[in-house]
Amino acid sequence: MKFKSVFDIIGPVMIGPSSSHTAGAARIGRVARDLFGKQPTWAKIHLYGSFAETYKGHGTDKAIIGGLLDYDTFDERIKTAFEDAQLAGLTYEFIPETANTEHPNTARIVIGDETSEMSMVGISIGGGKTEITELNGFPLRLSGDLAAILVVHEDRSGCIASVSNCLAKYDINIGHMEVSRKEKGNMALMVIEVDQNVNAQLLKEISDLPNITQVTRIAD
Amino acid sequence: MEVLFRNVRELVERATQENKLISEIMIEQEIMITDRSREEIMAQMDRNLTVMEEAVEKGLRGVQSTSGLTGGDAVLLQNYLKKGNTLTGELMLDAVSKAVATNEVNAAMGTICATPTAGSAGVVPGTLFAVKNKLNPTREQMIRYLFTSGAFGFVVANNASISGAAGGCQAEVGSASGMAAAAIVEMAGGSPAQCAEAFAITLKNMLGLVCDPVAGLVEVPCVKRNAMGASNSLVAADMALAGVTSRIPCDEVIDAMYKIGQTMPASLRETGQGGLAATPTGKWLEAKIFGGAVVGSGN
């Protein structure tokens, strides 16, 4: 069952006009910021399919920038996101693409500051629900049926065990897990789909573990 | 995942056997699935209700969308209502104006609560705040209205679709209107079975409705479709309360809607390429808004 809660139906509370093109876009921007872990100073946003065709009218651009500024779907400041970005020192560029993507509402967000850079692909699947399909070149395969967390970590022994121990401590069962890395000993990634809800305290505890760079909830 | 109902038949059977309201079954299921307390869940829906109330009030004061395509019709309707000689009656037009108000606020990038989507967000609150003046419900009954709507929407979302891109407008405004009709029946004192009849009658009359937004924007014809959805749900609710039943069971109507959606061409599923979007005026408006060249009639 894709829709689990009554609030998936009566909700989300959001700034209009479109649950997929506005609320979903804001969520994609916010996850990108969460994964980057800080306020980026620049952003290049590539839009595909229906996002590329209709982003101006739907405020998809403002919503993504709002998300990058950490605004939620219902934050009125989404409307002034461009002005707010200028004040916050965030420069941005939107690039509508013509290439076909698997999903019609796709955005590739590349963000960074003086020291680091990150790239992420998000899709908006309807009713404000979103999925992250790629991070820094790593493809992520999520069923979308389960809550999921994403852990960016150093490729060191014991890292995966310590994260799964932490989940066990909170009585959380892993439904599906994927680990990947680019090169031995470098940055690696864990994507964990779980059967139970994940709370902020658990995320904090995982992020405090050694060699963990970033922890984010990417689906719920 | 363990649930209390997977379809409308199970929902109605459970409510009837346990002598409970549909809204109560939805609340119980939410407690079971999310592991949250009844108080938390009721409080969250209360906040959603407040958002809906504020959106209606804002729309009735008058708003305009960025594109200029929509806005101001809710005000026209309320002014017309105040003259006191409407053809369809006060409650009906009040619901229509409040549904329009919500969708005008949505189009103007205001704050709304998706029910079940942003494009169909007007029907449930529009009917609620109009029926409220007739039935004088408590705050709790108004919150329950949203749970009853949610119960039917939950079935549609999981067994069919609530996305215009997947199933056309029948999946969005059609679903929203059925949800509202069922909730009106419960608030008016009808039985769980009558709620299901009202849903079925409403959706049957919105089958085949395509999603053809001009310039791809959630404005034309979305705002007015919410108006008609609201009126459809009020008529169906009255029919169900009168004892009229649907010959085709509710779940089968939902299934029919799903299958119709699957056979709908992509041009009529939220791509802004067919139907009203492809009319000469629709194309002209699109070019005017986005500054592009006016091309032929497309496909």
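Residues numbered from 1 in each chain as written. Chains lettered and ligands numbered in written order. Predicted model: local features only at pLDDT ≥ 70, side-chain atom pairs only at ≥ 80, totals over all residues.

> Explain the packing of helix H9 (residues 169-187) of chain B against helix H11 (residues 222-241) of chain B residue by residue, including any values.
Residue and element names in this part refer to chain B. In contact at an axis separation of 8 Å, H9 and H11 are set at 40° when each is read in the N-to-C sense. Classified by the angle between their axes, H9 and H11 sit oblique to one another. For the element pair H9 and H11, the recorded crossing hand is right-handed. Seen from H9, the contacting residues are Cys-169, Val-173, Ala-176, Ser-177, Ala-180, Ala-181, Ile-184 and Val-185; seen from H11, they are Arg-225, Asn-226, Gly-229, Ala-230, Asn-232, Ser-233, Leu-234, Ala-236, Ala-237, Ala-240 and Leu-241. Here the residues of the contact of H9 with H11 sort into 13 nonpolar, 5 polar and 1 charged. (Axes fitted to C-alpha atoms, helices over the stretch in contact; angles between N-to-C directions. Helix = DSSP H or I, 4+ residues; strand = E, 2+ residues; numbered from the N terminus. Parallel < 35°, antiparallel > 145°, perpendicular 65-115°, else oblique. Left-handed = near helix turned anticlockwise from the far one by under 90°. Contact = placed C-beta atoms within 7 Å. Nonpolar A, V, L, I, M, F, W, Y, C, P; charged D, E, K, R; others polar.)

> Which residues make up the UniProt feature "domain: Serine dehydratase-like alpha subunit" (unreviewed entry) in chain B, and what values do they have?
Following the UniProt record, one finds the feature "domain: Serine dehydratase-like alpha subunit" (unreviewed entry) at residues 18-277 of chain B. Segment residues 18-277 of chain B splits into 65% helix and 1% strand. End C-alpha atoms: 48 Å apart. (UniProt positions renumbered as here; feature names shortened; annotations may be inferred.)

> So what's going on with helix H10 (residues 192-204) of chain B? Residues and values would help.
Every α-helix carries 3.6 residues per turn, so stepping three or four residues along brings you back to the same face. Residues and elements named next belong to chain B. The terminal C-alpha atoms of H10, which comprises 13 residues, lie 19 Å apart, in line with the 18 Å expected from a rise of 1.5 Å per residue. Burial analysis of H10 places 11 of its 13 residues in the buried class, the great majority of the element. Those residues of H10 not exposed but buried are Pro-192, Gln-194, Cys-195, Ala-196, Glu-197, Ala-198, Phe-199, Ala-200, Ile-201, Thr-202 and Leu-203. Contacts made by the buried residues of H10 are with helix H1 (8-17), helix H2 (22-34), helix H7 (139-159), H9, H11 and helix H12 (250-263). (Expected span 1.5 Å × (residues − 1). Buried ≥ 20, exposed ≤ 12 C-beta atoms within 10 Å, placed from the backbone.)

> Go over the nonpolar core, please, and point to the residues and values.
In this structure, Ala182(B), Ala198(B) and Phe199(B) are the most contacted members of the largest nonpolar core, which totals 156 residues. The contact partners of Ala182(B), leaving out residues within four places of it in the chain, are Ile22(B), Thr148(B), Ser149(B), Phe152(B), Cys195(B), Ala196(B), Ala198(B) and Phe199(B). (Core = buried A, V, L, I, M, F, W, Y, C linked by C-beta atoms within 7 Å.)

> Break down the interface of chain A and chain B for me, citing the residues and quoting the values.
Taken residue by residue, the interface counts 34 residues in chain A and 44 residues in chain B. Mapped onto the side of chain A that touches chain B, the elements with two or more residues apiece are strand S1 (13-15), helix H1 (19-36) and helix H2 (49-58) of chain A. For the side of chain A that touches chain B, the leading source of residues is H2(A), giving 5 residues. The residue makeup of the side of chain A that touches chain B, split by class, is 14 nonpolar, 13 polar and 7 charged. Two strands pair when backbone bridges link them, and S1(A) and strand S1 (residues 111-113) of chain B are joined in this way by 3 bridges, in the antiparallel orientation. By the bridge assignment for S1(B), Val13(A) is matched with Cys113(B). (Pairing = 2+ DSSP bridges.)

> Pulling in residues and values, what's your account of the sheet that holds strand S3 (residues 91-96) of chain A?
All names here are of chain A. In space, the 6 strands of this open sheet follow the order S3-S2-S4-S5-S6-S7, with mixed pairing throughout. Where the open sheet ends on each side, the last strands, each with one partner, are S3 and strand S7 (138-139). Pairing of strand S5 (residues 117-126) with strand S6 (residues 129-135) involves 6 bridges; the strand directions are antiparallel. Across the sheet, Ile-123 pairs through a bridge with Glu-131, a residue of S6.

> Would you mind going over unusual backbone geometry in detail, with residue names and values included?
The residue after Gly11(A), namely Pro12(A), is reached through a cis peptide bond having omega 0°. Residue position: Pro12(A) is located in the segment before S1. Cis geometry marks the peptide bond from Thr115(B) to Pro116(B), where omega comes out at -5°. Of note, Pro116(B) is situated in the loop between S1 and helix H6 (123-135). Here Asn19(B), not a glycine, exhibits a phi torsion of approximately 55°, which is positive. Following the sequence through the fold, Asn19(B) ends up in the loop between H1 and H2. Since 8 C-beta atoms lie within 10 Å of it, Asn19(B) is described here as exposed. Even without being a glycine, Asn136(B) presents a positive backbone phi close to 45°. Relative to the assigned elements, Asn136(B) resides in the loop between H6 and H7. According to the C-beta neighbour criterion, Asn136(B) is exposed, with 8 such atoms within 10 Å.

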